[in-house]
Amino acid sequence: MENTATQIINSLYDQCIADFEVRSNTAEPEALTALRQKGFQNFKKAGFPSNKVEDWKYVNLTPFLKESFATATEEELVEVPESVIKNAAIPHLDVWTIVLVNGVFRKDLSDTVNQEGVFVLPILEAASRPAFQKHFGTYTDLAKNHFAAVNTALFRDGLFIEIKNNAIVEKPIHVLHINTANEPLFLQPRSLYVVGVSANGSIIESFVNAGANANVFVNNVAEIFVAENANLHHYYIQAGSEKNRYVHHTEVYQQQNSVYNNYKASFPGTSLLRNNLNIALDGENVESHLYGLYLSGGHQLVDNHTIVDHRKPHCQSNELYKGVMKDESTGVFNGKIFVRKDAQKTNAFQQNNNLMLGRKAVVDSKPQLEIFADDVKCSHGSTVGQFNADALFYLKSRGIGEEKARALLVHAFAFDVTEKIPLAEVQDHINHLIEEGLKA
Amino acid sequence: MLSIKNLKASVDDKEILKGLDLEVKAGEVHAIMGPNGSGKSTLASVLAGKDNYEVTGGQVTFDGKDLMDMSPEDRARAGLFLAFQYPVEIPGVSNINFLKTAMNEVRAYNNLPPIEAKEFLRMMKEKQKLVEFDSALANRSLNEGFSGGEKKRNEIFQLAMLEPKLSILDETDSGLDIDALRIVSRGVNKLRSGKNAFILITHYQRLLEYIVPDYVHVLYNGQIVKSGTKELALELEEKGYDWLKESAPAASFH
């Protein structure tokens, strides 16, 4: 972690350093204090990443971090129009809705999850729970991840979800992330989801356009522990306004016989969207699926970095990311697969396809495979293409107009991803957002 | 219904159609035959509105309207249908969704409300039977993984659903085995009426045993050099095209 851009974005860096001095007076469990200290030392040394850091090669953060940010809002409870919450709902889907406004868990706006074995809490209220103490901060490499380091040092708000052993969550937990401010705001929410042995659940996270008046930069870190034989379906639906900037780090750790499915769909709006999704398959017979769809527009920058780390034998990972690039948007796909020496009989598959709609749209696609075992099946592929003119003409020759024909072809392109979504209501919702996104 | 006068068209500055005339009236079936490279498929593409063809002269009217002025989708909505020589596979677009969208666009153009789900299903069933098109295929993605014969049958199925005024079948018979040819022909024959018309573009006289045309035209070097009745097709089968080439005007290139 060298060659950082601290000199350019000095003020936010200084502010974070100063915030930490103030925060160190807060009484917290010893282990957490130590972890924050570790995050702080890493951040102090490394600062925010510049383009010279390999993982940030395609993203220039300077314009996004240069502002004079507040790191908290003055009001205790930020007002949120009812319509924002209503619009984020997924039609016809019965869920428990959990609302986080600027990272703060809002009990007043959230449903009560009244199922035995399922706990949903503000993250710091969970600090004394055994699951928190065991898993919090255990899986994320603070020396390699600049943003995770500063988040660890400074987070105050966020969400803790625990699904106890053998619990089957009756309905999906829908987490709404609403980020809004009247003055530039830098937020660092944190979450930890612990899924116990043989437990099952679905967590849907929606990032919505809340009509912010000022830029809101969100540095979010989520850690997910999936215990033996557990099964988690995890959805991200990422929309937002041009005022939103997201750096979103998700660290997943899986034990043997577990299944983790990540479905991600992002849409035009958010100026900067950087997703890090790291999955460690650290047990035998683990299965991980990563399905991503990014529809980008305007001058949006959408960057998906994934790491799939096969550590044990007989595991399977399957990754499919599809991009539809409009206007002058920029996309990055960087997918790393590690197959370690012990991970024999691994099946690892990765594919990234991009459909370029805008003449000035750009995409960088970079698959990386590092294989140290000798008895594995791995494949990866990457394509960048345009509309198939013959297909477009075929549709038109049957009376289908230009705009509708294009929409049909985009849906068709995205279909490989959308068809994988197990909840029909979520599938419909995402298809609807694709339609809206194409018009935008 | 269709009136083509002195039509000239080029691809990449190479003139392919060199002054073609054709009149098609409601209730008629016209066959257009000709050797490879004579311009048969170009004619089909130009009529359907494919954009890499440049029309450099002449006139085409369809029900009195200037066809060349219309977008491909409007031509289809006005009742022109091209059964493609090579139908495109579009994975992810379901056959049914595609057909329903197409039908409703055509209906909207003709100031009709969207088709009701029940009526659409009834029609699907009826027309599937007509062209012996397996309902399992109808439920799949558009032409994805279809055999050549299945793709051609799907074209005729779409034709049956959309009920166009003028259908152009571009070498629909090429590569079909005899069973598929019979099915396709039977479908077309059942769809023939006094109100619609067909243009069959083909290499082979065999098709015309199953779909009997009112007129046969020979296209050579971008022009229709001979027209006649179905007997002309038999003559062509027997003698080939060479005897007609003398009557063709000298090629403007070469």
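Every chain is numbered on its own, with residues counted from 1 as its sequence reads. Labels follow written order: the first chain is A, the first ligand is 1, and so on. Totals for whole chains, interfaces and linings use every residue, but because this is a predicted model, local features are given only for residues with pLDDT of at least 70 and side-chain atom pairs only at 80 or more, for both listing and counting. The side-chain figures draw on all heavy atoms in the structure; neither hydrogens nor water molecules are used.

Student: Any chance you could explain the overall build of chain A here in plain terms?
Tutor: Helical segments are the DSSP runs of H or I of at least four residues, strand segments are the runs of E of at least two, and each set is numbered from the N terminus. Secondary structure summary: chain A contains nine helices and 20 strands in total. Every radius of gyration here is taken over C-alpha atoms, with the globule rule written as 2.2 Å times N^0.38, N being the number of residues. Taken against the 2.2 N^0.38 rule, which gives 22 Å for 440 residues, the C-alpha radius of gyration of chain A at 21 Å falls within 12% of a compact globule. The dimensions of chain A, computed from C-alpha atoms along their principal axes, are 70 × 50 × 50 Å. Only protein chains enter the accessibility calculation, which uses a 1.4 Å probe; a residue is then buried when its area is under 20% of its type maximum, exposed when over 50%, and partly exposed in between. Burial statistics for chain A: of 440 residues in total, 61% are counted as buried. Nonlocal contacts in chain A, meaning residues at least 24 apart in sequence, comprise 86% of its contacts between residues at least 6 apart. Note that accessible areas follow from Shrake-Rupley with a 1.4 Å probe, and for residues the cover is restricted to the protein chains shown. Accessible surface for chain A amounts to roughly 17500 Å². Of this, 47% is attributable to carbon and sulfur atoms. All tallies of charge rest on Lys and Arg as positive and Asp and Glu as negative; His and the ends of each chain are not included. All charge positions are set by atom: Lys at NZ, Arg at CZ, Asp at CG, Glu at CD. The averaged location of the 51 negative side-chain charges in chain A is 5 Å from the averaged location of its 40 positive side-chain charges. By definition in these notes, contact holds between two residues if any of their heavy atoms fall within 4.5 Å.

Student: I'm lost on the side chain of Ser 258 of chain A in this one. Help?
Tutor: Note that Ser 258 of chain A resides in the loop between strand 11 (244–254) and strand 12 (259–266). On the basis of relative accessible area, Ser 258 of chain A is assigned to the buried category, the value being 1%.

Student: Would you mind showing me how to read the packing of helix 3 (residues 95–109) of chain B against helix 6 (residues 148–162) of chain B here?
Tutor: For any two helices packed against each other, the geometry is given by the interaxial angle and the distance between the axes. All names here are of chain B. At a minimum axis separation of 10 Å, helix 3 and helix 6 run at an interaxial angle of 35 degrees. Seen along the crossing, helix 3 lies across helix 6 with a hand that is right-handed. Each of Asn 95, Phe 98, Leu 99, Ala 102, Met 103 and Val 106 in helix 3 lies in contact with helix 6, whose residues at this interface are Asn 154, Phe 157, Gln 158, Met 161 and Leu 162. Polar here means any residue outside two lists: the nonpolar Ala, Val, Leu, Ile, Met, Phe, Trp, Tyr, Cys and Pro, and the charged Asp, Glu, Lys and Arg; Gly therefore counts as polar. Residue composition of the contact of helix 3 with helix 6, grouped by class: eight nonpolar, three polar and no charged. Axis definition: a line fitted to C-alpha atoms, over the contacting stretch in the case of helices. Angles run 0 to 180 degrees between N-to-C directions. In this scheme the handedness of a crossing depends on how the near helix is turned from the far one: anticlockwise by less than a right angle means left-handed, clockwise means right-handed.

Student: Whenever I open this one, the interface of chain A and chain B confuses me. Can you help?
Tutor: The figure often quoted for interface size is the accessible area lost as the parts come together. With 17 residues of chain A in contact, the opposing surface of chain B contributes 28 residues. With both sides pooled, the region where chain A packs onto chain B buries about 1900 Å², and carbon together with sulfur makes up 69% of that total. Accessible-area loss on putting two parts together, using a 1.4 Å probe and summing over both, is the definition of buried area adopted here. The largest share of the area that chain A buries against chain B comes from Phe 393, Tyr 394 and Arg 398 of chain A, three residues that together contribute 41% of it. Whenever a carboxyl oxygen of Asp or Glu lies within 4 Å of a side-chain nitrogen of Lys or Arg, that contact is scored as a salt bridge. Across the contact surface, chain A and chain B share three salt bridges. A salt bridge links Asp 390 of chain A to Lys 50 of chain B; its shortest N-O distance comes to 3.5 Å. Under this definition, polar contacts are N or O atom pairs within 3.5 Å; protein pairs additionally need one hydrogen-donor-capable and one acceptor-capable atom, and for neighbouring residues in sequence, both atoms have to be side-chain atoms. Remark: the boundary between chain A and chain B carries ten residue pairs in polar contact (both at pLDDT 80 or more). Sorting the residues of the side of chain A that touches chain B by element identifies helix 7 (389–396) and helix 8 (402–418) of chain A as the ones contributing at least two each.

Student: Whenever I open this one, a negative patch on the surface confuses me. Can you help?
Tutor: Residues and elements named next belong to chain A. Surface patches are defined over residues having more than 30% relative accessible area and no salt bridge, joining like charges when they lie within 9 Å and nonpolar side chains (Val, Leu, Ile, Met, Phe, Trp, Tyr) when within 5 Å. On the surface, a cluster of negative charge is contributed by Glu 74, Glu 75, Glu 79 and Glu 183. Structurally, Glu 79 can be placed in the loop between helix 3 (62–65) and helix 4 (82–88). The exposed category is assigned to Glu 79, whose relative accessible area is 72%.

Student: Explanation requested: unusual backbone geometry in the structure shown.
Tutor: Residues other than glycine predominantly adopt negative phi, and peptide bonds predominantly adopt the trans conformation. Residue and element names in this part refer to chain B. Although it is not a glycine, Asp 12 sits at a positive phi angle of roughly 50 degrees. Residue placement: Asp 12 occurs in the loop between strand 1 (2–11) and strand 2 (14–24). According to the relative accessible area criterion, Asp 12 is exposed, its value standing at 73%. With a phi close to 50 degrees, Glu 171 is a non-glycine residue in the positive phi region. Mapped onto the elements of the fold, Glu 171 is located in the loop between strand 9 (166–170) and helix 7 (178–191). Classification of Glu 171 as buried rests on a relative accessible area of 7%.

Student: Quick question: what am I supposed to make of helix 1 (residues 10–23) of chain A here?
Tutor: In an α-helix, one turn spans 3.6 residues; hence positions three or four apart end up facing the same way. All names here are of chain A. By this rule, a helix spans an expected 1.5 Å times one less than how many residues it contains. When the terminal C-alpha atoms of helix 1 are compared, their 20 Å separation across 14 residues agrees well with the 20 Å that a helix rising 1.5 Å per residue should span. Leu 12, Tyr 13, Cys 16, Ile 17, Phe 20 and Arg 23 are the residues of helix 1 that are buried. All buried residues of helix 1 project into a common sector of 140 degrees when viewed along the axis, lining one side. Taken from the helix axis, the directions to the C-beta atoms give the arc we talk about.

Student: Would you mind going over helix 7 of chain A with me for this structure?
Tutor: Residues and elements named next belong to chain A. Counting buried residues along helix 7, six of its eight residues qualify, which places the element largely inside the surrounding structure. Those residues of helix 7 not exposed but buried are Ala 391, Leu 392, Phe 393, Tyr 394, Leu 395 and Lys 396. Backbone nitrogen of Asp 390 and a side-chain oxygen of the N-cap are separated by 2.9 Å at the start of helix 7; the cap is Asn 388.

Student: What exactly am I supposed to notice about the nonpolar core here?
Tutor: Soluble globular proteins tend to pack their nonpolar side chains together in the buried interior. Only buried residues count toward a nonpolar core. Its members are Ala, Val, Leu, Ile, Met, Phe, Trp, Tyr and Cys residues joined through side-chain atoms within 4.5 Å. Judged by nonpolar contacts, the single largest core of 113 residues is most densely connected at Leu 395, Val 426 and Ile 430 of chain A together with Leu 2, Ile 4, Ile 90 and Ile 199 of chain B. Once residues lying within four places of it in the same chain are set aside, the contact partners of Leu 2 of chain B are Leu 22, Glu 23, Val 24, Leu 47, Val 60, Thr 61, Phe 62, Leu 67, Leu 166 and Ile 199 of chain B. The next biggest cluster of nonpolar side chains, apart from the first, holds 55 residues, and it includes Val 195, Ile 279, Ala 348 and Ala 373 of chain A.

Student: Explain the sheet that holds strand 11 (residues 215–220) of chain B here, please?
Tutor: Pairing between the strands of a sheet is mediated by backbone hydrogen bonds and can be parallel or antiparallel. Residue and element names in this part refer to chain B. Spatial ordering of the open sheet is given by 6-9-10-3-11-12, a layout of six strands whose pairing is mixed. Each edge of the open sheet is held by one strand with a lone partner, namely strand 6 (80–83) and strand 12 (223–228). Between one strand and the next, the sheet's axes are offset by a mean angle of 20 degrees, whatever the strand orientation. In short, DSSP must find at least two bridges between two strands for them to pair. Bridging between strand 3 (residues 29–33) and strand 11 involves four bridges; their strand directions are parallel. The residue bridging Met 33 from the neighbouring strand is Val 218, located in strand 11. Relative to the sheet, helix 9 (residues 230–239) contacts strand 3, strand 11 and strand 12, its axis offset from that of strand 11 by approximately 45 degrees.

Student: It is not clear to me how the pairing of strand 9 (residues 216–226) of chain A should be interpreted in this structure. Could you clarify?
Tutor: Side-chain direction in a regular strand flips from residue to residue, so the side chains alternate between the two faces of the sheet. All names here are of chain A. Strand 9 sits mainly inside the fold: eleven of its eleven residues count as buried. Neither face of strand 9 is exposed, since Val 216, Val 218, Asn 220, Ala 222, Ile 224 and Val 226 on one face and Phe 217, Asn 219, Val 221, Glu 223 and Phe 225 on the opposite face are all buried. Direction of pairing for strand 6 (residues 185–187) relative to strand 9: parallel, over a ladder of three bridges. Among the inter-strand pairings, Leu 187 is bridged to a residue of strand 9, identified as Val 218. Sheet topology note: the strand 7 (residues 190–195)/strand 9 ladder contains six bridges and is parallel. Paired with Ser 191 across the two strands is Ala 222, which belongs to strand 9. Sheet topology places strand 9 next to strand 11; eleven bridges connect them, and they run parallel.

Student: Honestly, the packing of aromatic side chains in this entry has me stumped. Any pointers?
Tutor: The geometry of an aromatic ring pair is captured by the separation of the ring centres together with the interplanar angle, meaning the angle of the planes. All names here are of chain A. Note on ring pairs: Phe, Tyr and Trp rings are taken, using the six-membered ring of Trp, and paired if centres are within 6.5 Å. Classes follow the plane angle, with under 30 degrees stacked, over 60 edge-to-face and the rest tilted. For the coordinates displayed, the defined rule picks out 25 aromatic pairs over all chains. On the numbers, 5.8 Å between centres and 50 degrees between planes, the contact of Phe 69 with Phe 186 is tilted. Residue Phe 69 is located in the loop between helix 3 and helix 4, and its partner Phe 186 is located in strand 6; the two are separated by 117 residues in the primary sequence. In this pair, the class of Phe 69 matches that of Phe 186, namely buried. Ring pairs connect the aromatic residues Tyr 13, Phe 43, Phe 48, Trp 56, Phe 69, Phe 147, Phe 186 and Phe 217, which therefore count as one cluster. Geometrically, a charge over a ring is one whose NZ (Lys) or CZ (Arg) sits within 6 Å of the ring centre while staying within 35 degrees of the ring normal. Seen from the ring of Phe 155, Arg 36 lies directly overhead, with NZ or CZ sitting 4.2 Å from the centre. The lysine or arginine in question, Arg 274, covers the ring of Trp 56, its NZ or CZ lying 3.8 Å from the ring centre.

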